[in-house]
Amino acid sequence: MRYTRVSAGGRAVWGRVGEEDVELLSGSPLKAMDRHGHDDPGLTVIGTVPRTEAVWLPVVVPPVFYAVGLNYPRHIAHCGVEIPARPEVGYRANSALTGHGSPIVKPADVSGRFEAEPELVAVIGRTLRHATYEEARSSVFGWTIGNDVSAREWQRRDRTFWRSKNSDTFKPMGPWIETDVDALAQTTTLRVNGEERAAFPTGDMVFDPYDYIVEITRHITMRPGDVLWMGAESTCRIEPGDTVDIEISGIGVLSNPVHPEGNSA
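A few points on the structure. (Residues numbered from 1 in each chain as written. Predicted model: local features only at pLDDT ≥ 70, side-chain atom pairs only at ≥ 80, totals over all residues. Heavy atoms only, no water.)

## Remarks on the environment of V64
Within the fold, V64 resides in the loop between β4 (45–50) and β5 (65–68). Residues V64 and D245, spaced 181 residues apart in sequence, show a C-alpha to C-alpha distance of 25 Å. Contacts of V64, omitting those with residues within four sequence positions, involve Y91, D226 and V227. (Helix = DSSP H or I, 4+ residues; strand = E, 2+ residues; numbered from the N terminus. Contact = heavy atoms within 4.5 Å.)

## Some remarks on the sheet that holds strand β19 (residues 252–260)
The strand order across the open sheet built from five strands is β8-β19-β18-β14-β15, with neighbouring strands paired in mixed fashion. Among the strands making up the open sheet, the edge pair consists of β8 (104–106) and β15 (195–201). Neighbour-to-neighbour, the strand axes of the sheet open up by a mean angle of 20°, direction not taken into account. (Pairing = 2+ DSSP bridges. Axes fitted to C-alpha atoms, helices over the stretch in contact; angles between N-to-C directions.)

## As for unusual backbone geometry
Across residues other than glycine, the phi torsion is negative in most instances, and most of the peptide bonds are trans. The omega torsion across G174 and P175 is 0°, close enough to zero to call that bond cis. Among the structural elements, P175 can be located in strand β13 (residues 171–178). One non-glycine residue, T169, adopts positive backbone phi at about 75°. For T169, the position within the fold is in the loop between α4 (152–157) and β13. Judged by relative accessible area, which is 16%, T169 ranks as buried. Positive phi outside glycine occurs at N193, with the angle close to 55°. Residue class for N193 comes out partly exposed when judged on its relative accessible area of 47%. (Buried < 20%, exposed > 50% of the residue type's maximum accessible area, 1.4 Å probe, protein only.)

Below, the structure is given as structure tokens:
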């Protein structure tokens, strides 16, 4: 099943994605899963919108936005640092989120490398504390795609990642949540203007999502709607005028144009 959030009548509405249309739903499938599992009879269809006309929103506004740093061996080797001994997580700002099809805006004062990073994203569906590995596996509502846009010069100059990772539009996420896929058996592909720039096995991680969930819930309660971005093996430079497509097989394609700041197009 594929779930998403779209703008309908000026408000955010959950939807179920079909081949041609998005069925608008009466409530949140995340809340349904937390109570009953994926198939909650309380969710009814209240309308439809053609997929070609949908205004895609970030698939969820997370209570907590967790993000993994260096988690792919090739990326770690490229950075010249040691492989982490245990899963450690960071955080990102909800205000940086934007949806499928919406522009990534490059700030006017960004210099140096401006990059896309293709990431698998786990969407949590149950409340968890002190989770076992199997409980962590069963807690994932589904999977979506993230683009961890990064301004590298800011990343080097600032003591924290407050603007290099968290500026407005720097975190596209979507286009939907896929609930029926073996996410770690897929391939992640990054394309710019239709040209492949990177491809790697999605599951070739140092620590998998469930390792992180176990570690997080030793100290922090995870809740429905939390997201966990899993890092990238490869990155690619992007510039205004580009269109960035991130495909994870079995899930879908997240596509966003890149605009300069001040462009209203």
